[in-house]
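# Inside the fold
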Amino acid sequence: MHEVAIAQGVLNLAIKTARQSGAARIHRIRMRVGAMSGVVPDSLSFAFEALREGTMAAEAELAIEAIPSVGWCAGCQAEFTAEGFALECPRCHAYSRELRRGRELEMADMEVS
Amino acid sequence: MCEDCGWSVPKAAKIDGVPSGEVAFPPNPPAANSGNPAPGATHSHGHSHSHGHDHPHQHDHEHGHDHDHEHPHEHPHEHEHDSAPTSARRTVAIETSILDKNERLAERNRGFFKAKNLLVLNVLSSPGSGKTALVQQTAIALKGRLRVGVIVGDLATDNDASRLRAAGIPVVQITTGTACHLEAEMVAKAMTQLDLDHLDILVIENVGNLVCPAAYDLGEALRVVLLSVTEGEDKPLKYPPMFFSANAVVVSKSDLADAVEYPRAQAREILRQASPNAVVFEVSAKTGAGMEPWLEFLADRLEKTRRAR
C-alpha cells in the first residue's frame, strides 16, 4: 500500500527534473524495480496512473524494468538469478546470504519535450 | 508535502500526540573526533528547521519559466514533419533511488545511535504477532541489567505505548496517521523525546505490516522479524523482502504451538532458506519460555556494538 507514496515520489521527482531541464511535457519515465524492493510493479503503475492526471506527466508512460534477485554463491564463486522466494543457487542448491541485485527502486531516466 | 519524496505523512505523524512538525530534530551526531565538543557546539537546535524550508522554494521558482519557453517552439514543428514530435523528445537522465532521502536520514540516525552507544532494533511483523508483548517482556526481563527504551509506531491510538509505560518502560508513541510504516525522519524526531544517554537498547516497534516497512531503513543495527506460530509457517514464502532482510527472526506465541499443530521442522527449514542472515528464536512472551537465549543474544550484540567502536 505504500506504492501510492512511492508513485507520488516518482512523479514529483520527474516533474521537478523536467522543469529544471526546461521541458513542458513528460512522455515516459523509466524505472527499475527489484524483486526484493517490496514494491509491486502493478500497484505502482496503478497508483501512478491515478496520480499523473492534471500534471505535465498526464500522458506519461511508466516503464518499469523488473530486476530479478541476483545472489552470490560463495561455494560456486558465481552470481545466479534466483527463481523462487529464496536465494537458492541453481548449481549447488545452497542458500545464499548475499543479495547482489534485486533491491532497486530507482528512476533511470525519462523522455521529455 | 515533501517535494523530493512526495510523502506528506511525516508531518501528519504525531509523536506522543504532538504533530511531528513541531518536534525538533536531534542535534547532529558528534563528529568522528567526538568526546569534547568544541566551544559553542552545544546549540544545534536550529537544525530541524532546514527541512521545512528547502522544498517549497524550488517548486515556485521553476514553474513560470518553463511553460512559456517550450510552447512556441514545438507547435510549428508538429505540423510539418511526422517525425517532429519524437525528434523534439529528449532523454533526461535521473539515476536516483526513490528512497534516497530516507536512506540518507537512516545513515544519519545510525551514526547518532553509534555515538550514543545504543543497540537499536527495528521490530517488524504482521499486526497481532506479539511485538508489544515481546518488547514488554524483554524490557522487564532485562531490568537491572540493561536499560531498554521504546519507540512504537501505529496508525492510531497510543494503546501500545500505554501498555509499555504502565510496565515502567520509557516509551514514545508515533501515530503515523495513514502511513503503513515508519521512516527514518519520524524516528529522528521521536528519539528526542527519550533520554538516550541513559539507555542501552532502543527498540523501534514498527507498524504491523510485513510489506512496506521492509523498504525503509531506520538506521537500526538489527532487524527483528516476528512470526507467530498461529500465522502459519509459510509466511516467509509470502513476504520474501521482509524475511530476507531479517537479522533475527523470533517465532512468537510458542505456548500455542501444540494447539495449532505448528510444524516446527518445516518452519525451521523455510526460515533457513528465506532468512539466511537471521538467528532464529522461539519464544513465548506469555510463559517466558525461550526468552533466555533471546536476551543473551541482545546482550551479546550490544557488547559487540560497543567493542566495535
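Summary of the structure given here. (Residues numbered from 1 in each chain as written. Chains lettered and ligands numbered in written order. Predicted model: local features only at pLDDT ≥ 70, side-chain atom pairs only at ≥ 80, totals over all residues. Heavy atoms only, no water.)

### Focus on the side chain of B:Thr138
Residues and elements named next belong to chain B.
- Mapped onto the elements of the fold, threonine 138 is located in helix H5 (residues 131-142).
- Overall, threonine 138 belongs to the buried group, its relative accessible area being 6%.
- Among the polar contacts made by the side chain of threonine 138, one reaches the side chain of tryptophan 294 at a distance of 3.0 Å.
- Not counting residues up to four positions away in its chain, the partners in contact with threonine 138 are Met291, Trp294, Leu295 and Leu298. (Helix = DSSP H or I, 4+ residues; strand = E, 2+ residues; numbered from the N terminus. Buried < 20%, exposed > 50% of the residue type's maximum accessible area, 1.4 Å probe, protein only. Polar contact = N/O pair within 3.5 Å; in protein donor to acceptor, adjacent residues only side chain to side chain. Contact = heavy atoms within 4.5 Å.)

### A look at the environment of B:Ile169
Residue and element names in this part refer to chain B.
- Following the sequence through the fold, isoleucine 169 ends up in the loop between helix H6 (159-166) and strand E6 (171-175).
- Its relative accessible area of 3% is what places isoleucine 169 among the buried residues.
- Each C-alpha atom of the pair isoleucine 169 and isoleucine 140 lies 8.0 Å from the other, and the pair is 29 residues apart in sequence.
- What isoleucine 169 contacts, discounting residues up to four positions off in sequence, is Gln136, Ala139, Val148, Val150 and Leu164.

### Some points on the side chain of B:Thr176
- Note that B:Thr176 resides in the loop between E6 and helix H7 (184-190).
- Here the side chain of B:Thr176 touches B:Ala179 through a polar contact of 2.8 Å, landing on its backbone oxygen.

### Side note on the packing of aromatic side chains
All names here are of chain B.
- The tally for this structure, following the rule as stated, stands at 3 aromatic pairs over all chains.
- Considering the side-chain rings of phenylalanine 281 and tryptophan 294, the 5.5 Å spacing of their centres and the 70° angle between planes classify their relative orientation as edge-to-face. Of this pair, phenylalanine 281 sits in strand E10 (residues 279-282) while tryptophan 294 sits in helix H11 (residues 291-307), placing them 13 residues apart in sequence. This pair shows no difference in class: phenylalanine 281 is buried, exactly as tryptophan 294 is.
- The buried category is assigned to tryptophan 294, whose relative accessible area is 1%. (Phe/Tyr/Trp six-rings, centres within 6.5 Å; stacked < 30°, edge-to-face > 60°.)

### Details of the sheet that holds E6(B)
All names here are of chain B.
- Spatially, the 9 strands line up as an open sheet ordered E2-E1-E6-E5-E7-E4-E8-E9-E10, and their pairing is mixed. Since the sheet does not close on itself, it has two edges, and those belong to strand E2 (18-19) and E10, each with one partner.
- Across the sheet, helix H10 (residues 264-274) lies against strand E8 (222-228), strand E9 (248-252) and E10, angled at about 155° from E10, the strand it touches most. (Pairing = 2+ DSSP bridges. Axes fitted to C-alpha atoms, helices over the stretch in contact; angles between N-to-C directions.)

### Concerning the sheet that holds strand E1 (residues 26-34) of chain A
- Sheet architecture is open: 4 strands sit in the order E2(A)-E1(A)-E6(A)-E3(B), paired in mixed fashion. Here the strands that pair on one side only, and so sit at the sheet edges, are strand E2 (61-67) of chain A together with strand E3 (90-97) of chain B. Pairs of neighbouring strands in the sheet enclose a mean axial angle of 15°, with direction left out of account.
- Of the pairings in the sheet, the one linking strand E6 (residues 105-112) of chain A to E3(B) comprises 6 bridges and is antiparallel in character. Each bridged residue has a counterpart across the sheet, and for A:Glu111 the counterpart in E3(B) is B:Thr91.
- Docked against the sheet, helix H2 (residues 41-51) of chain A engages E1 and E2 of chain A, running at close to 165° with respect to E2(A).

By themselves, these figures tell us nothing about what the structure is for.
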